[in-house]
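Listed here are the chains, written in short residue letters.
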Amino acid sequence: MSIATVNPANGETLKTYEAMDEEEIERRLQLAEATFRTYRTTSFAERARLLNRAADLLDEDQQEIARVMTTEMGKPVRQARAEAAKCAKAMRWYAERAEGLLADEEPAEADVKDSGASRALVRYRPLGPVLAVMPWNFPLWQVVRFAAPALMAGNVGLLKHASNVPQTALYLEDLFHRAGFTEGCFQTLLIGSGAVDDILRDERVRAATLTGSEPAGRAVASTAGEMIKKTVLELGGSDPFVVMPSADVDRAAEVAVTARVQNNGQSCIAAKRFIVHTDVYEAFAERFTAGMKALTVGDPMREETEVGPLASERGRADLEELVDDARRSGARVLCGGERPEGPGWYYPPTVLAGVTREMRIHREEAFGPVATLYRADDLDEAVLIANDSPFGLSSNVWTRDESEVDRFVRDLEAGGVYVNGMTASHPALPFGGVKRSGYGRELSGHGIREFCNITTVWHGA
């Protein structure tokens, strides 16, 4: 298993790392368990002090770590800086609010008496070492949105990051250590995916969280289920972006471009399937396609770049296969659709129309800047197309009709419904999906409680 930084803009291997051996993994598991015994007793004030310090350091490091992320996985450097800033914001959000989110809860007095108690309460206690299996596409954010609430709850973290972002993974361990967290509070495990199963089976690891592919989620969930351990899974997405006749079509088309190509199109919550009412279909398609054509594709280190390379050669090949399959089956390519000449794993912003259920791209996630257009005759058909997917992560709807909003919120099979805007994660809002997009929630109070022992405390009369 190769653990290496390979620049996707030119295919050059910059750094390689040896995977940790069994002895080093055992040392780190022992350290995590020992550290948890002490760290779990620290005050919320002390945890907040440490996490706020980590946020300050991240702000200081923003330029440097942004360049590392761009070098490792190709996101435009402006977006990398924004990702670092978002992580610092989430750290401060949890540092300020965790104590309140995990405060003891007391049932109604009548219910306490009915239970035969003089007093009863619910207390949130940490579980222990949590294994995080994280992806490369948001190499800071995916980790921080797990680590910030987990550390504030009193847990300790073990990070198995994607093997193509080792420098970012090591930076995260160093960041928390520099902030003052004890060494065992957050550790990076430089290991291949084959080592995850044994670690998850270890009794010292109490729970796991995974963001990644459906096969990876299935493997982790299977082992965790066998070992009876709590898991949170955030898997793939093929989010619908529905545009109805009352929408501001110009604004919808403008936002649709960003919603599709953010992070070079490599985002689980990127809008991928654009379902447009027939009354505004032609207008939307024209504006959206023009916007996709106008994007600046190039070196992700350049400030003006809007779309950089895909993160891996295999990822580009997978995307090409989906587009070629759709084209052979009758889809029309409105723009893009051809690999450019030259070095790097670039793929142009692409719009496909005339997509049908028989095409692979209809049911598989397109992880890159490729959009599919669908025409819907009415709201019922729009909902039907939107839900005709194995995924259910998030969704976007554009309408000024409140009755239509109510229908979409009621009927869309997704973990989020964003009205007249694009899906985005925020520390205050729960994040996660349904169907094959996974289960459990990250962020908000729901996220911090996922890895807590929700304890009933009952006092006799």
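Asks: So what exactly am I meant to see when it comes to the packing of aromatic side chains here?
Replies: Any aromatic ring pair is given by two values, namely how distant the centres are and how the planes are angled relative to each other. In total, this model carries 11 aromatic pairs according to the counting rule given. Aromatic side chains F176 and F181 sit 5.7 Å apart centroid to centroid with 80° between the ring planes, which places their arrangement in the edge-to-face category. Pair check on accessibility: F176 and F181 agree, each one buried. In this structure an aromatic cluster arises from ring pairing among F241, F274, F284, F288 and W398. Over the face of the ring belonging to Y39 we find R47, whose NZ or CZ atom lies 5.7 Å from the ring centre. One cation-aromatic arrangement involves K86 over W141; the distance from NZ or CZ to the ring centre is 4.6 Å.

Asks: I'm lost on the pairing of strand β2 (residues 12-17) in this one. Help?
Replies: Pairing between strand β1 (residues 3-7) and β2: five bridges, direction antiparallel. Considered in β2, the bridge of V6 is made with T13. Where β1 hands over to β2, the hairpin turn is made up of four residues, of which G11 adopts a positive phi near 80°.

Asks: Teacher, can you tell me more about the pattern of salt bridges here?
Replies: For side chains of opposite charge, pairing can occur when their charged atoms come near one another. Inspection of every chain in the model, using the stated rule, returns 41 salt bridges. Salt-bridge contacts for E96 lead to R97; the nearest nitrogen and oxygen are separated by 3.5 Å. R97 sits in the partly exposed class, given a relative accessible area of 33%. Two residues, E413 and K435, come together in a salt bridge whose shortest N-O distance is 2.9 Å. On the criterion of sequence distance, the pair formed by E413 in the loop between α15 (402-411) and β16 (418-419) and K435 in strand β17 (residues 434-435) is long-range, its members being 22 residues apart.

Asks: Sorry if this is basic, but what is going on with the environment of P348 here?
Replies: Among the structural elements, P348 can be located in the loop between β11 (332-335) and β12 (350-353). Along the chain, P348 and V68 lie 280 residues apart, while their C-alpha atoms are 24 Å from each other.

Asks: Which parts of the structure should I look at to understand the environment of C185?
Replies: Within the fold, C185 resides in the loop between α7 (166-178) and β6 (186-188). C185 sits 146 residues away from Y39 along the chain, and the two C-alpha atoms are 7.6 Å apart. Excluding its chain neighbours within four sequence positions, the residues that come into contact with C185 are T35, Y39, L151, V156 and G157.

Asks: Teacher, can you tell me more about the nonpolar core here?
Replies: Nonpolar side chains tend to gather and get buried jointly when the protein is soluble and globular. Ranked by internal contacts, the top residues of the largest apolar core, which has 85 residues, are L58, M91 and L131. By residue number, the principal contributor to this core is helix α4 (residues 77-101), which donates 12 residues. L58 has contacts with I65, A84, C87, A88, M91, L140, Y171 and L175, leaving out every residue within four places of it along the chain. Counting 28 residues, the second-largest nonpolar core is a separate cluster that includes V255, F274, V276 and A285.

Asks: Mind showing me how you'd approach the sheet that holds strand β5 (residues 156-160) here?
Replies: Ordered by their spatial adjacency, six strands build an open sheet running β6-β5-β4-β7-β8-β18, and the pairing between neighbours is mixed. The outermost strands of the open sheet, each flanked by one partner alone, are β6 and β18 (438-439). As judged from the five bridges shared by strand β4 (residues 129-133) and β5, these two strands associate in the parallel manner. Across the sheet, the residue bridging to L131 is L158, located in β5. Across the face of the sheet, helix α1 (residues 22-39) comes into contact with β4, β5 and β6 while running at roughly 155° to β5.

Cut-offs and rules
- Residues numbered from 1 in each chain as written.
- Predicted model: local features only at pLDDT ≥ 70, side-chain atom pairs only at ≥ 80, totals over all residues.
- Heavy atoms only, no water.
- Phe/Tyr/Trp six-rings, centres within 6.5 Å; stacked < 30°, edge-to-face > 60°.
- Buried < 20%, exposed > 50% of the residue type's maximum accessible area, 1.4 Å probe, protein only.
- Lys NZ or Arg CZ within 6 Å of the ring centre and 35° of its normal.
- Pairing = 2+ DSSP bridges.
- Helix = DSSP H or I, 4+ residues; strand = E, 2+ residues; numbered from the N terminus.
- Salt bridge = Lys/Arg side-chain N within 4 Å of Asp/Glu carboxyl O.
- Contact = heavy atoms within 4.5 Å.
- Core = buried A, V, L, I, M, F, W, Y, C linked by side-chain atoms within 4.5 Å.
- Axes fitted to C-alpha atoms, helices over the stretch in contact; angles between N-to-C directions.

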